Amino acid sequence: DAKTTQPTSMDCAEGRAANLPCNHSTISGNEYVYWYRQIHSQGPQYIIHGLKNNETNEMASLIITEDRKSSTLILPHATLRDTAVYYCIVRVAERSQKLVFGTGTRLLVSP
Amino acid sequence: SQTIHQWPATLVQPVGSPLSLECTVEGTSNPNLYWYRQAAGRGLQLLFYSVGIGQISSEVPQNLSASRPQDRQFILSSKKLLLSDSGFYLCAWSRTVSYNEQFFGPGTRLTVL
């Protein structure tokens, strides 16, 4: 599974959009991009995933560049409860059993 | 709806003592089951996964073992705990057919003294 690179930490004001970047320059054609988040002392929570098209659900939007070497998770109106560590993971959905978590981005949403 | 339970929530054990952590899933059948560990300030590391009763795959060598005696029960064990076994242990499940999402339990925080 391809390796990802994320900033260590980011800050965001409450009510503003939080844009979390992820680089995955070695991603292969059959690997998906997944995002999870982990609120302090809880288990990770699935947010969204995509292959090459942009995706949106009730939690967030995922923008994947045309060359698929990077992506951005967008929380359109961040709240204090969105403070968490956000993990970007790439893997082959149909083959790999495991999620390889890196160190993620620690997002702090402030009032 | 599906739910995943882990217990205990917290545990303090002396070095050399045995360990048994339990995970159960409700509301689904034949799930894939996973054990992860998160050491302080580190990312999650997959320890074991299981695709069925009695089928266990180990991802890293260690003094831990896992068992799946029933379809929706996953147990993590150790005969003798080490200080380095301290951490946050998470159980997760996913549907057999689609691997898109893994659903995590609330976790067990283990401190080995």
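This one's a predicted model, so the numbers in the text were calculated from it and none came from an experiment. (Residues numbered from 1 in each chain as written. Chains lettered and ligands numbered in written order. Predicted model: local features only at pLDDT ≥ 70, side-chain atom pairs only at ≥ 80, totals over all residues. Heavy atoms only, no water.)

1. Section: the sheet that holds strand S2 (residues 18-23) of chain A
Residues and elements named next belong to chain A. Strand order in the open sheet formed by 4 strands is S2-S7-S6-S5, and the pairing between neighbours is antiparallel. The strands lining the two open edges of the sheet, one partner per strand, are S2 and strand S5 (55-56). Pairing of strand S6 (residues 61-64) with strand S7 (residues 70-75), which is carried by 4 bridges, proceeds in the antiparallel orientation. Its bridge partner lying in S7, Ser61 is registered against Ile74. (Pairing = 2+ DSSP bridges. Helix = DSSP H or I, 4+ residues; strand = E, 2+ residues; numbered from the N terminus.)

2. Some remarks on the interface of chain A and chain B
Note: interface size is frequently given as the accessible area lost on complex formation between the parts. Listed by partner, the interface residues are 20 residues for chain A and 21 residues for chain B. Of the roughly 1,600 Å² buried at the junction of chain A and chain B (both faces included), carbon and sulfur atoms supply 49%. Where chain A touches chain B, the interface holds 0 salt bridges. Taken together, the links from chain A to chain B amount to 3 residue pairs in polar contact (both at pLDDT 80 or more). Sorting the residues of the side of chain A that touches chain B by element identifies strand S3 (32-38), strand S4 (45-50) and strand S8 (84-91) of chain A as the ones contributing at least two each. A breakdown of the residues in the side of chain A that touches chain B according to their chemical character gives 8 nonpolar, 8 polar and 4 charged. (Contact = heavy atoms within 4.5 Å. Buried area = accessible area lost by both parts, 1.4 Å probe. Salt bridge = Lys/Arg side-chain N within 4 Å of Asp/Glu carboxyl O. Polar contact = N/O pair within 3.5 Å; in protein donor to acceptor, adjacent residues only side chain to side chain. Nonpolar A, V, L, I, M, F, W, Y, C, P; charged D, E, K, R; others polar.)

3. Remarks on the environment of Ala60 of chain A
Residue and element names in this part refer to chain A. Mapped onto the elements, Ala60 comes out in the loop between S5 and S6. Each C-alpha atom, one on Ala60 and one on Ser71, is 13 Å from the other, the two residues being 11 residues apart in sequence. Once residues within four sequence positions are removed from consideration, Ala60 is found in contact with Ile47, Ile48, Glu55, Leu73, Ile74 and Leu75.

4. Some remarks on the nonpolar core
Membership of the largest hydrophobic core comes to 21 residues, with the highest contact counts inside it found for Trp35, Leu73, Tyr86 and Leu107 of chain A. Those elements that place two or more of their residues in this core are S2, S3, S4, S6, S7, S8 and strand S9 (105-110) of chain A. In this structure, Leu11, Leu33, Leu47 and Cys91 of chain B belong to the second largest nonpolar core, which totals 20 residues. (Core = buried A, V, L, I, M, F, W, Y, C linked by side-chain atoms within 4.5 Å. Buried < 20%, exposed > 50% of the residue type's maximum accessible area, 1.4 Å probe, protein only.)

5. Some remarks on the sheet that holds S8 of chain A
Residue and element names in this part refer to chain A. The mixed open sheet is built from 5 strands, whose spatial order is S1-S9-S8-S3-S4. Each edge of the open sheet is held by one strand with a lone partner, namely strand S1 (9-13) and S4. Across the sheet, the mean angle from the axis of one strand to that of its neighbour is 25 degrees, orientation sign disregarded. In terms of strand pairing, S8 meets S9 through 3 bridges, oriented antiparallel. (Axes fitted to C-alpha atoms, helices over the stretch in contact; angles between N-to-C directions.)

6. A closer look at the layout of surface pockets
Gaps left between atoms show up when a probe the size of a water molecule is rolled over them. Reported here for the largest pocket is a volume of approximately 710 Å³. Lining of the largest pocket is provided by 35 residues; of these, Val85, Tyr87 and Arg106 of chain A together with Gln38 and Arg42 of chain B occupy positions nearest its centre. Listed by contribution, the elements that provide at least two residues to the lining of the largest pocket are S8 and S9 of chain A together with strand S9 (87-94) of chain B. Broken down by element, the residue count for the lining of the largest pocket peaks at 5 residues, all from S8 of chain A. Residue composition of the lining of the largest pocket, grouped by class: 14 nonpolar, 16 polar and 5 charged. Taken as a whole, the second largest pocket encloses approximately 270 Å³ of empty space. Taken together, 15 residues form the lining of the second largest pocket, with Phe101 of chain A together with Gly43, Leu44, Gln45 and Leu46 of chain B sitting closest to its centre. (1 Å grid on protein atoms, 1.4 Å probe; cavity = no way out; pocket = protein on both sides within 12 Å on 5 of 7 lines; lining within 4 Å. Points joined across faces, edges and corners; volume = space filled by probe spheres on them.)

7. Topic: the pattern of salt bridges
Residue and element names in this part refer to chain B. Within this structure, the stated rule accounts for 3 salt bridges over all chains. One salt bridge connects Arg37 with Asp85, and the closest N-O pair in it is separated by 3.6 Å. Taken together, the residues Arg37 in strand S4 (residues 32-38) and Asp85 in the loop between strand S8 (73-78) and S9 connect sequence positions 48 residues apart. Per residue, the accessibility class of Arg37 equals that of Asp85, and both read buried.

8. Here's the deal with the state of the cysteines
Under the counting rule described, the total for this entry stands at 2 disulfides over all chains. Bridging Cys22 of chain A to Cys88 of chain A, the disulfide has an S-S length of 2.1 Å. Handedness of the Cys22 of chain A-Cys88 of chain A disulfide follows from its S-S torsion of about -80 degrees: it is left-handed. Residue Cys22 of chain A is found in strand S2, and its partner Cys88 of chain A is found in strand S8; the two are separated by 66 residues along the sequence. Paired through a disulfide, Cys23 of chain B and Cys91 of chain B show a sulfur-sulfur distance of 2.0 Å. Around the S-S axis, the bridge from Cys23 of chain B to Cys91 of chain B shows a dihedral of about -75 degrees and counts as left-handed. (Disulfide = S-S within 2.5 Å.)

All quantities given are derived from atomic positions and should not be read as evidence of function.
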